[in-house]
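Take a look at the letters that make up each chain.
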Amino acid sequence: MNLIDKTEELENACKILKKQKVIAIDCEFLREKTYYPIPCLIQVGYDEGAFLLDPLAKGMDFTPFFELMQNKKVLKVFHSGRQDIEIIYNLSGAVPTPVFDTQIAAQACGLGDCVSYENLVRVYCEKELDKSCRLTNWQLRPLTDEQLEYAAGDVTHLLPCYHQIAAYLKENKREKWVEEDMADLVDEKHYKIEPQDAWLRIRHNGHSVAFVNALKALAAWREERAMRQNVSRQNIIKDDILINIATAFPKSTDEMKQVRGMRSDIAKSILAREMVEVLSTLAEKGFDRSLGKLDRERDVTLPPSQQSLYEILRLLLKIKSNEYGVVSHLISSEKNLREYIKNPKAKNQILAGWRYDVFGKTAEDFRRGKLGLMYNPQTRDINIKEL
């Protein structure tokens, strides 16, 4: 199996691929030390085999591949494809469409949450994958025949898995069960970097207006710096230290030295001076008080008075997910469940579409006192009973 590293070879491969109804895609990449993932290999499978593309090849024009990614007549199948889609987006500036993710769809087939590709192949192809090249440094060249064969296996088995999963979803009328998650997968907001939103990814316990404004400003500064240098965020400064700085709101480098956990070398570096300047600019500009409201809305911690209802609805969710043979997360995340309890009249996933039919109506009826739970000591089952 050869590695495609010339534009003419890629053009010929894409001529074949654009005639397919379905293709499978996987990427090998490195991301240990960089902000952006380094694409090292792109595998594209079709019914008769696979093409292995070399994104590290000098002078190769990937335009034919990018056009294929936007061809609406060709379905692109991934397994746990968010990072693969991110790579294609970074290279081309566009999210591939249409797409199908077998890991997402497997949840509606009773295979559990976050099923691995290895387990997927074991279930649908009855094969054990060779793991010998799993720790390969895909950035090194040349790649051996063994490595190329291993990489091809990441897509050649994926199509048979897809066909069986798609058939199951159609037969059991569950195609719509995964449509929402597939649509979310190709939402550009997941791949378009907005430094001003970086603070939303940081877990914290502070909620004051000053703290939240400081955290947002510092997180945006760190994000932009990481992007410029192409290094990981944590390589610039770790989350816990960033939170401590936002809490202390130091007005000088001397005050920066007093921040809990601050390393002396960082306190003396340009990083400290830049962060002090960020906070100084923020103080002069004034705080955005709407951030406090936004931050509180993100917090779905329940008061003790509602915690019991949450636990019971979790149990109801488990019962219904077992009944339908799917993972409970596919029906509702714990966050959605808490949001429903805090504000049952607000828009929520479980109150619309198939999720309402499977679980939402049960949750509503229980909350209104129309349903109860009964334990059967003989069968040791917990059943839902109308009152």
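Scroll up for the structure.
Just so we're clear, the structure is a prediction, and the values are computed from it rather than from any experiment. Position labels on residues start from 1 in each chain and follow its written sequence. The predicted origin of the model limits local features to residues at a pLDDT of at least 70 and limits the giving and counting of side-chain atom pairs to 80 or more, whereas totals for whole chains, interfaces and linings rest on all residues. Based on all heavy atoms of the structure, the side-chain values leave hydrogens and waters out of the count.

Engineer: A description of the overall build of the protein should follow, citing residues and the corresponding values.
Structural biologist: Numbering of helices and strands runs from the N terminus, with a helix taken as a DSSP run of H or I at least four residues long and a strand as a DSSP run of E at least two residues long. Each helix and strand counted, the protein has 19 helices and 8 strands in total. Taken along its principal axes, the extent of the C-alpha atoms in the protein is 65 × 60 × 35 Å. Contacts are assigned to residue pairs that have any heavy atoms within 4.5 Å of one another. The contacts of the protein with a sequence gap of at least 6 include a subset with a gap of at least 24, amounting to 62%. Accessible surface area values rest on a Shrake-Rupley calculation with a 1.4 Å probe, where residue burial reflects the displayed protein chains alone. For the protein, the accessible area works out to roughly 21,200 Å², and carbon and sulfur atoms hold 48% of it.

Engineer: Explain the pairing of strand β5 (residues 75–78) to me, using residue names and the numbers behind them.
Structural biologist: Both faces of the sheet carry side chains from a regular strand, because those side chains alternate between them. Burial status follows relative accessibility: with a 1.4 Å probe on protein chains alone, a residue under 20% of its type maximum counts as buried, one over 50% as exposed, and anything between as partly exposed. Burial along β5 is two-sided: the residues L75 and V77 and K76 and F78 are all buried. This β-α-β element, β5 to helix α3 (residues 82–92) to strand β6 (residues 99–101), shows right-handed connectivity. By definition, the crossover connecting two strands over a helix is right-handed if that path, from the first strand to the second, turns clockwise as seen with the strands pointing away from the viewer.

Engineer: For helix α6 (residues 145–156), give the residues involved together with the corresponding values.
Structural biologist: Helix length check: α6, at 12 residues, gives a terminal C-alpha distance of 16 Å against a target of 16 Å (1.5 Å per residue), a fit within 8%. For α6, the full list of buried residues reads Q147, L148, Y150, A151, A152, G153, D154 and V155. Next to the buried residues of α6 lie β1 (3–4), β2 (22–30), β3 (38–46), β4 (49–53), α5 (117–124) and α7 (158–171). A helix is expected to span 1.5 Å multiplied by its residue count minus one.

Engineer: So what's going on with the packing of aromatic side chains? Which residues, and what values?
Structural biologist: Aromatic ring pairs: the centre-centre distance and the angle between the two ring planes describe each pair. Note on ring pairs: Phe, Tyr and Trp rings are taken, using the six-membered ring of Trp, and paired if centres are within 6.5 Å. Classes follow the plane angle, with under 30 degrees stacked, over 60 edge-to-face and the rest tilted. For the structure on display, the rule yields 11 aromatic pairs. Ring plane angle 90° and centroid distance 6.0 Å describe the contact between F62 and F65, whose orientation is recorded as edge-to-face. Here F62 falls in the buried class, since its relative accessible area comes to 10%. An aromatic cluster is built from F62, F65 and F66, whose rings are joined through pairwise contacts.

Engineer: So what's going on with a negative patch on the surface? Which residues, and what values?
Structural biologist: A cluster of acidic residues, E8, E9, E11, D61 and E67, forms a negative patch on the protein surface. The biggest single contributor to the negative patch is helix α1 (residues 7–17), with 3 residues. Of the residues examined, E9 reaches a relative accessible area of 33% and is grouped as partly exposed. Residues enter patches when their relative accessible area tops 30% and they take part in no salt bridge; the joining distance is 9 Å for like charges and 5 Å for the nonpolar side chains Val, Leu, Ile, Met, Phe, Trp and Tyr. In the sections that follow, a salt bridge refers to a side-chain nitrogen of Lys or Arg positioned within 4 Å of a carboxyl oxygen of Asp or Glu. Note on charges: Lys and Arg go in the positive column, Asp and Glu in the negative column, and His and the chain ends are not counted at all. Charged groups are reduced to one reference atom each: NZ for lysine, CZ for arginine, CG for aspartic acid, CD for glutamic acid.

Engineer: Quick rundown of the environment of D154? Include the residues and the values.
Structural biologist: Tracing the backbone through its elements, the reader meets D154 in helix α6. With 128 residues separating them in the primary sequence, D154 and D26 have C-alpha atoms 6.7 Å apart. Residues in contact with D154, not counting those within four places in the same chain, are D26, E28, Q43 and Y117.

Spatial relationships are all this shows, so hold off on functional conclusions.
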